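Here is what each chain is made of, one letter per residue.
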Amino acid sequence: GPPPAAIERMGDKAAARTTVAAAGVPVLEGYDGADQSDATLSAEADRIGYPVLVKPSAGGGGKGMRVVRSRDELTNALAGSRREAARAFGDDRLILERYLPHARHVEIQVLFDAHGAGVHLGERDCSAQRRNQKILEESPGPSVTPQQRERMGDAALAAARTVDYVGAGTVEFLL
């Protein structure tokens, strides 16, 4: 399986976003910084533009995520996200991302050996969700063009390669 360093870097959303962006993988505009003050998060949300998604840096499954459509909603969303993240993950750090209301959730499975050789197994569209949990996965993704498939496959391999990933893993995209 993956080495501990890969799990550590990719298991934390802030570290993962920073790591893959440095490798040239496209990421949504956002904020991954260490300053977690409301003033900084508010300024960053203004810079990103609304709507913005507030997400815990740790964990997953949609826990603690909040869609914020205006600055007036931000303070309550930050407090609620922090509380839920602390309870669920023992870590109340947050990240911000531009919210894309009609995006498709597309995942690509990758396989890497201990020598750095990797392949991807194509994409699956996981957009059919309820409460941020997948209900149906469709492969190949009906909304993915051949050009997008190639670019996302290359990006998935680059993301895994940048952390010396070993084994099977999944790279998630918003399309």
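Residues numbered from 1 in each chain as written. Predicted model: local features only at pLDDT ≥ 70, side-chain atom pairs only at ≥ 80, totals over all residues. Heavy atoms only, no water.

### What about the overall build of the protein?
Filter applied, for reference: Strands here are runs of E lasting at least two residues and helices are runs of H or I lasting at least four, both read from the DSSP assignment and numbered beginning at the N terminus. In this setup the radius of gyration rests on C-alpha atoms only. A globule is expected at 2.2 Å times the number of residues raised to 0.38. Buried residues are those whose accessible area, probed at 1.4 Å on protein chains only, stays under 20% of the maximum for their type, while exposed residues exceed 50% and partly exposed ones sit between those limits. Note on contacts: a residue pair is in contact if any heavy atoms of the two residues lie within 4.5 Å. All accessible areas in this document rest on Shrake-Rupley with a 1.4 Å probe, and a residue is counted as covered only by the protein chains that are shown.
Regarding its fold elements, the protein presents five helices and eight strands. Helices (α) and strands (β) of the protein occur, in sequence order from the N terminus, as α-α-β-α-β-β-α-β-β-β-β-α-β. Taking 2.2 N^0.38 as the reference for a compact globule, 175 residues should give roughly 16 Å; the C-alpha atoms of the protein span a radius of gyration of 16 Å, in line with that estimate. By its C-alpha atoms, the protein is 45 × 35 × 25 Å across when sized along the principal axes. When burial is assessed residue by residue, the protein has 37% of its 175 residues classed as buried. Put simply, 57% of the contacts in the protein that link residues at least 6 apart link residues at least 24 apart. Accessible surface computed for the protein: about 9400 Å², of which carbon and sulfur atoms make up 52%.

### Description of the pairing of strand β7 (residues 133-138)
Here is the key point about a regular strand: its side chains alternate between the two faces of the sheet. The test is simple: Between any two strands, at least two bridges found by DSSP are needed for them to pair.
In this structure, strand β6 (residues 118-130) lies alongside β7, joined through four bridges in antiparallel fashion. Bridging from a neighbouring strand, D125 pairs with E138 of β7. Here β6 folds back onto β7 in antiparallel fashion, the turn holding two residues, of which R131 has a positive phi close to 55°.

### Let's talk about the sheet that holds β6
Using the following cut-off: Whenever a helix is involved, its axis is fitted only over the stretch in contact; in every case the axis is a line through C-alpha atoms, and angles between N-to-C directions fall within 0 to 180 degrees.
The sheet built from four strands is open, its strands ordered β7-β6-β5-β8 with antiparallel pairing. Strands with a single pairing partner mark the edges of an open sheet, and in this sheet they are β7 and β8 (167-174). On average, adjacent strands in this sheet sit at an angle of 35° to one another, irrespective of strand direction. In this sheet, β8 lies alongside strand β5 (residues 105-112) in antiparallel orientation, the contact comprising eight bridges. Its bridge partner lying in β8, Q109 is registered against T170.

Geometric descriptors of this kind do not, in isolation, establish any biological role.
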